[in-house]
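Descriptive analysis of the structure
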Amino acid sequence: MRIGCPYCGERGSEEFSYLGDATPVRPDPARPDAAAAFHAYVYLRDNPAGRHRELWHHTGGCRAWLVVTRDTRTHAIETVEFADVARRGAS
C-alpha cells in the first residue's frame, strides 16, 4: 500500500505507523458516567468493512500525524490530510 503524505509525497506503508480509528472523541471527565465513557473510548472499537478514517504517523519521514480515509476492503486511499487540519475541519 502507498500513502500520499501531504508533505513528503507518496511513500510505502512501511514508513508509517498505524494508530487506529480517527473518529473517537475523548469524553468529558465531568460526565456522570465518565468511567464507562472512558472505558468505551479506550477499549471498544469497531472493525468496519468499507470507508474508514484512520490515524497514521509518518515515522520514517516527516513525523507528521495524518488522517487517512481508505476502503478497508480494497486498501484504496481516498484522502490523506494532516491530523490537525482534519480535526479543525471536524469541529
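Residues numbered from 1 in each chain as written. Predicted model: local features only at pLDDT ≥ 70, side-chain atom pairs only at ≥ 80, totals over all residues. Heavy atoms only, no water.

1. So, the overall build of the protein
Filter applied, for reference: Segments assigned H or I by DSSP are reported as helices when at least four residues long, segments assigned E as strands when at least two residues long, and all are numbered from the N terminus. Residue burial is assigned from relative accessible area. The probe radius is 1.4 Å, only protein chains are included, and a residue is buried under 20% of its type maximum, exposed over 50%, and partly exposed in between. Every residue pair with non-hydrogen atoms within 4.5 Å of one another is taken to be in contact. Computed with the Shrake-Rupley method and a 1.4 Å probe, the accessible areas treat only the protein chains shown as cover for residues.
A tally of helices and strands in the protein yields two helices and six strands. When the helices and strands of the protein are placed in sequence order, the string is β-β-β-α-β-β-β-α. Across its three principal directions, the C-alpha atoms of the protein cover 45 × 25 × 20 Å. Taken over 91 residues, the protein has a buried fraction of 29%. Across the protein, the fraction of contacts at a sequence separation of at least 24, relative to all contacts at a separation of at least 6, is 45%. Of the accessible surface of the protein, which amounts to about 6,000 Å², a share of 51% is contributed by carbon and sulfur atoms.

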